[in-house]
Amino acid sequence: MKKTAIAPSNIAFIKYWGKKDEVLRLPENGSISMCLSNLLTTTTVEFSRDLKKDSIQIKKDKKLVTPEDEFVEKAIKHIDRIRKVAQISDRAKIVTHNNFPASTGLSASASGFAALTVAGTAAAGLKLSDQELSVIARQGSGSACRSIPDGFVEWLDGDTSETSYAQSIYPPKYWDLVDVVAIVSTDKKDIASSLGQKRTGTNPFFPVRKSHMADKITQIKKFMKEKDFTKFGELVESEALELHAIFLTSGLVYLLPESLAVIKEVQKWRVAGLESYFTVNTGQNVHIIVEKKNEKRIIAQLKKLSYVKEIISNTPSVGTKLSDSHLF
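A brief structural summary.

Calculation criteria
Residues numbered from 1 in each chain as written. Predicted model: local features only at pLDDT ≥ 70, side-chain atom pairs only at ≥ 80, totals over all residues. Heavy atoms only, no water. Helix = DSSP H or I, 4+ residues; strand = E, 2+ residues; numbered from the N terminus. Expected span 1.5 Å × (residues − 1). Buried < 20%, exposed > 50% of the residue type's maximum accessible area, 1.4 Å probe, protein only. Arc of directions from axis to C-beta. Contact = heavy atoms within 4.5 Å. Axes fitted to C-alpha atoms, helices over the stretch in contact; angles between N-to-C directions. Parallel < 35°, antiparallel > 145°, perpendicular 65-115°, else oblique. Left-handed = near helix turned anticlockwise from the far one by under 90°. Nonpolar A, V, L, I, M, F, W, Y, C, P; charged D, E, K, R; others polar. Pairing = 2+ DSSP bridges. Core = buried A, V, L, I, M, F, W, Y, C linked by side-chain atoms within 4.5 Å. Lys, Arg positive; Asp, Glu negative; His and termini not counted. Salt bridge = Lys/Arg side-chain N within 4 Å of Asp/Glu carboxyl O. Polar contact = N/O pair within 3.5 Å; in protein donor to acceptor, adjacent residues only side chain to side chain.

1. Here we look at helix α1 (residues 69-86)
Inference 1: For α1, built from 18 residues, the straight-helix expectation of 26 Å at 1.5 Å per residue is met to within 8% by its first-to-last C-alpha distance of 25 Å.
Inference 2: Three or more residues of α1 are buried, namely Ala-75, Ile-76, His-78, Ile-79, Ile-82, Arg-83 and Ala-86. All buried residues of α1 lie within an arc of 160° about the axis, which places them on one face of the element. Counted as exposed and oriented over 90 degrees from the buried face of α1: Asp-69, Glu-73, Lys-77 and Lys-84.
Inference 3: Where the residues of α1 are buried, they touch β4 (31-48), β5 (55-60), β7 (91-98), α2 (108-123) and α3 (130-140).
Inference 4: Looking at the residues trailing α1, positive phi occurs at Gln-87, about 60°.

And the structure:
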């Protein structure tokens, strides 16, 4: 059976970092995020008894290319999880496509494993709830669980596999926020997030961060409920800076000079009356959160910056859904 899924990437306002269980990818803390409308992964999966072995290809510029061995290994391991749940042994053919650059801090692994989970389970004949899909997606890539539900999402900090999943707290149209991504480089980051998390585990500041994460989540949910954009934005920014302080004191430098330049511009624009707030994941590209009414103004300002290579504007999005348009 052949099935295709389209999954959004997501931006975390309060970020997940660190695992208390490496195998199950149980997070050290919960997180709050928003699915993004224009950072998408499309994946087609077909199980067949006629296939001799699993295969995975990436569609780039209308051509199919074979990904790196590490990528293939992770994808096949995830398909094995699905096969185990479905109790099948058929081999799988997988073709996937991103409409944005991977490994640059835009959470391609989140959309990638969410799409693989939904397409794979459907192709295997499984009919699962969003909660069940989220649990499976999390085991492929932690943040992938947040790309399963719609809109604004909370990833619960559970101590077991069944209790650590993501759920929608508000639908996409709840709040007119826009996430404008300033791409300053499409180069692959030097250190993957999974390796970075292991390095920061011994950072003396990490326990301090962990101790107040529950309060941060309570605060951000309060500001979201009240739609208090100023307090919300200030917390989103301070959270990003705190996490990058952990990175820097662990020898992890994800930001480029151009990343810092965008951040400083956002701060200047805000002082001048254009309210916007930045956040950055484990990468060099900067997310700028604005209210819908200021989207065009932010884009106009970014276009003036010669070092910004591309601008991708996102509204809150639905989560991962099946599609009838297959990649093969």
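Text resumes after the structure shown.
2. Things to note about the environment of Trp-269
Inference 1: Counting through the fold element by element, Trp-269 comes out in helix α8 (residues 257-271).
Inference 2: Sequence separation of Trp-269 and Phe-223 is 46 residues, and the distance between their C-alpha atoms is 22 Å.
Inference 3: Leave out the neighbours within four places in its chain, and Trp-269 touches Leu-274, Ile-288, Ile-298, Gln-301, Leu-302 and Leu-305.

3. Some thoughts on the packing of α2 against α3
Inference 1: Viewed as axis vectors pointing N to C, α2 and α3 meet at an angle of 130°, and their least axial separation amounts to 9 Å. Taken together, the axes of α2 and α3 lie oblique to each other. Judged by the twist between their axes, the crossing of α2 over α3 is right-handed. On α3, the residues that touch Phe-113, Ala-114, Thr-117, Val-118 and Thr-121 of α2 are Leu-133, Ile-136, Ala-137 and Gly-140.
Inference 2: A breakdown of the residues in the contact of α2 with α3 according to their chemical character gives 6 nonpolar, 3 polar and no charged.

4. Examining α3
Inference 1: With 8 of 11 residues buried, α3 is to be regarded as a mostly interior element.
Inference 2: Among all positions of α3, only Leu-133, Ser-134, Val-135, Ile-136, Ala-137, Arg-138, Gln-139 and Gly-140 are buried.
Inference 3: On its buried face, α3 sits against β3 (26-27), α1, α2, β8 (152-155) and β9 (166-170).

5. A word on the pairing of strand β11 (residues 277-280)
Inference 1: Alternating positions in β11 separate into two faces, Tyr-277 and Thr-279 on one and Phe-278 and Val-280 on the other, with burial throughout.
Inference 2: Note that β11 and strand β12 (residues 286-291) share 4 bridges and pair antiparallel. The residue of β12 that forms the bridge with Val-280 is Val-286.
Inference 3: Connecting β11 to the next strand, β12, in antiparallel fashion are 5 residues.

6. Details of the nonpolar core
Across soluble globular proteins, nonpolar side chains have a tendency to be buried as a group.
Inference 1: In this structure, Phe-13, Phe-152, Trp-175, Leu-177, Ile-220, Met-224 and Phe-232 are the most contacted members of the largest nonpolar core, which totals 29 residues.
Inference 2: A per-element tally of this core places helix α6 (residues 213-226) first, with 5 residues.
Inference 3: Discounting residues that sit within four places of it in the chain, Phe-232 has contacts with Phe-13, Trp-175, Leu-177, Ile-220, Phe-223, Met-224 and Ile-289.
Inference 4: Counting 24 residues, the second-largest nonpolar core is a separate cluster that includes Ala-86, Phe-113, Leu-116 and Ala-144.

7. A look at the side chain of Lys-15
Inference 1: Following the sequence through the fold, Lys-15 ends up in the loop between β1 (2-14) and β2 (19-21).
Inference 2: Although Lys-15 is buried, it makes no salt bridge; Glu-239 carries the closest opposite charge, 6.3 Å away.
Inference 3: Polar contacts involving the side chain of Lys-15 include one to the side chain of Thr-279, which spans 2.9 Å.
Inference 4: Residue contacts for Lys-15: discarding those within four places in its chain leaves Asn-29, Gly-30, Ser-31, Arg-209, Met-213, Glu-239, Ala-240, Leu-243, Thr-279, Val-280 and Asn-281.

8. Re the sheet that holds strand β13 (residues 310-314)
Inference 1: Pairing within the open sheet is antiparallel, and its 4 strands lie in the order β11-β12-β10-β13. With partners counted over all chains shown, the strands left at the sheet margins are β11 and β13, one partner each. The average angle at which neighbouring strand axes cross in this sheet is 25°, direction not considered.
Inference 2: Set on the sheet, helix α7 (residues 229-248) makes contact with β10 (177-183), β11 and β12; between it and β11 the angle comes to about 30°.

9. Let's talk about the pattern of salt bridges
Inference 1: This structure, assessed with the given rule, holds 20 salt bridges.
Inference 2: Here Arg-83 ties to Asp-54 by a salt bridge, and the two come within 2.8 Å at their closest N and O atoms. You can see Arg-83 sitting in helix α1 and its partner Asp-54 sitting in the loop between β4 and β5, a full 29 residues away along the chain. Take Arg-83 and Asp-54: they sit in the same class, and that class is buried.

10. Describing unusual backbone geometry
Inference 1: Even without being glycine, Ser-107 reaches a positive phi, approximately 60°.
Inference 2: In this fold, Ser-107 is placed in the loop between β7 and α2.
Inference 3: Unlike most non-glycine residues, Lys-227 shows phi in positive territory, near 55°.
Inference 4: Secondary-structure assignment places Lys-227 in the loop between α6 and α7.

11. Focus on the pairing of β1
On a regular strand, each side chain points to the face opposite its neighbour's, so the side chains alternate between the two faces of the sheet.
Inference 1: Along β1, 10 of the 13 residues are buried, which leaves the element largely enclosed by surrounding structure.
Inference 2: Examined bridge by bridge, β1 and β4 share 11 bridges and lie antiparallel to one another. If you follow Ile-11 over to β4, its bridge partner there is Met-34.
Inference 3: Where β1 meets strand β14 (residues 321-323), 3 bridges bridge the pair, whose relative direction is antiparallel.

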